[in-house]
Amino acid sequence: MIWGPPGVGKSSIVSQIASAHKINFVDVRLSQLAPTDLRGLPVASNGVSSWYPPDFLPRTGKGILFLDELNMAPPAMQGVAQQLILDRRVGSYLVPSGWYVWAAGNRKEDRAAVFDMPTPLANRFLHLQVEPDFDSFKTYALSNGINEHIIAFLSFRSTLLHQIDRQQPAWPSPRSWVMASHLYEIGLDIVSAVGEGAAAEFNSYITLYDNLPNLEPILNGDGENTPFPQEPSIRYATTTGLTVRADRAERAYNAFNWLSRKASAEWVQLFATDMFHSLRSNGQMGALASLIQRDAKLRDFFKDFQELVAH
């Protein structure tokens, strides 16, 4: 049972785990179902009633049967789900042996209109707490095409990654920042996704991009005359811009070489950590490691990052 505030990506985490292990994933939103939707309909045959289970429940293979919004379901619905979880069956349906039953729900303090979970049901689960974490979100964002301006802004103002506003319908969360990225990509205001306060700060921040150095010469190895910016917010934007554009080992090497000569260690480390994640995902880490081995200065620096450069 995964607990956490709204918008942190509880269901996305489970979906990614299933995908990583190459197993199936069935997402059942219990709060949107009636008990008969899960148990099935009774059908009479020769004077005996049998329950015909719904077609969305798995019957073969391996996977995760994910009962989302479990504690938003009313008690009658949780009662049916309890049989499915405790006994791995409901009505005439039996959960196949290769399937895991997972669930997720919001906490009472999040005012998410939840019901109390029955004690026997709660005691059946292993309970995990999920909290918003910017480094995890950044890794996801760099691998999934989230706009670099969004990533740079949240690097600078990471406290705005998740900030519930119970007075407003729109507020910033990992989920709403992903939506904001889609809006921003097509030229629309992001206020409808993250709310007025976060949108105003973001809109002020992106004006800084006019002061960014030209990144292409740096990535092509011609950045010797380009200084590293002094303003911290522009430094975040520069570092993120280089990370997003360093899609090949040669460009990553040139950017890293430039930063190691122009910036202090914390900025080099920030870039290196994000760059390694990105290059590993597109299979470029081996080529980067080969380039680094030819450069004594960078090779010494990477002694502190052996676990990241392993390939």
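Heads up: these notes are all about the structure in this document. (Residues numbered from 1 in each chain as written. Predicted model: local features only at pLDDT ≥ 70, side-chain atom pairs only at ≥ 80, totals over all residues. Heavy atoms only, no water.)

Here we come to the environment of M72. Considering the arrangement of structural elements, one finds M72 in the loop between β5 (63-68) and α3 (75-87). As a C-alpha pair, M72 and V114 span 42 residues in sequence and 4.4 Å in three-dimensional space. (Helix = DSSP H or I, 4+ residues; strand = E, 2+ residues; numbered from the N terminus.)

Attention shifts here to the pattern of salt bridges. Per the stated rule, a full pass over the model turns up twelve salt bridges. Its salt-bridge partner being R29, residue D27 comes within 3.1 Å of it at the nearest N-O pair. On the basis of relative accessible area, R29 is assigned to the partly exposed category, the value being 30%. The residue R157 makes a salt bridge to E201 at a minimum N-O spacing of 2.7 Å. Here the residue R157 occupies a position in the loop between α6 (148-156) and α7 (174-185), and E201 occupies one in helix α9 (residues 196-206), the gap between them amounting to 44 residues. (Salt bridge = Lys/Arg side-chain N within 4 Å of Asp/Glu carboxyl O. Buried < 20%, exposed > 50% of the residue type's maximum accessible area, 1.4 Å probe, protein only.)

If you trace the five strands from one edge of the open sheet to the other, you get β2-β5-β8-β1-β9, paired in parallel fashion. Taken across any chain shown, the strands that pair with only one partner, and hence form the sheet edges, are β2 (24-29) and β9 (128-129). Inspection of the sheet shows β5 paired to strand β8 (residues 99-105) by five bridges, in the parallel sense. Looking at the pairing, L65 lines up with V101 of β8. Sheet strands in contact with helix α1 (residues 10-20) are β1 (2-3), β2, β5 and β8, and its direction is about 160° off that of β2. (Pairing = 2+ DSSP bridges. Contact = heavy atoms within 4.5 Å. Axes fitted to C-alpha atoms, helices over the stretch in contact; angles between N-to-C directions.)

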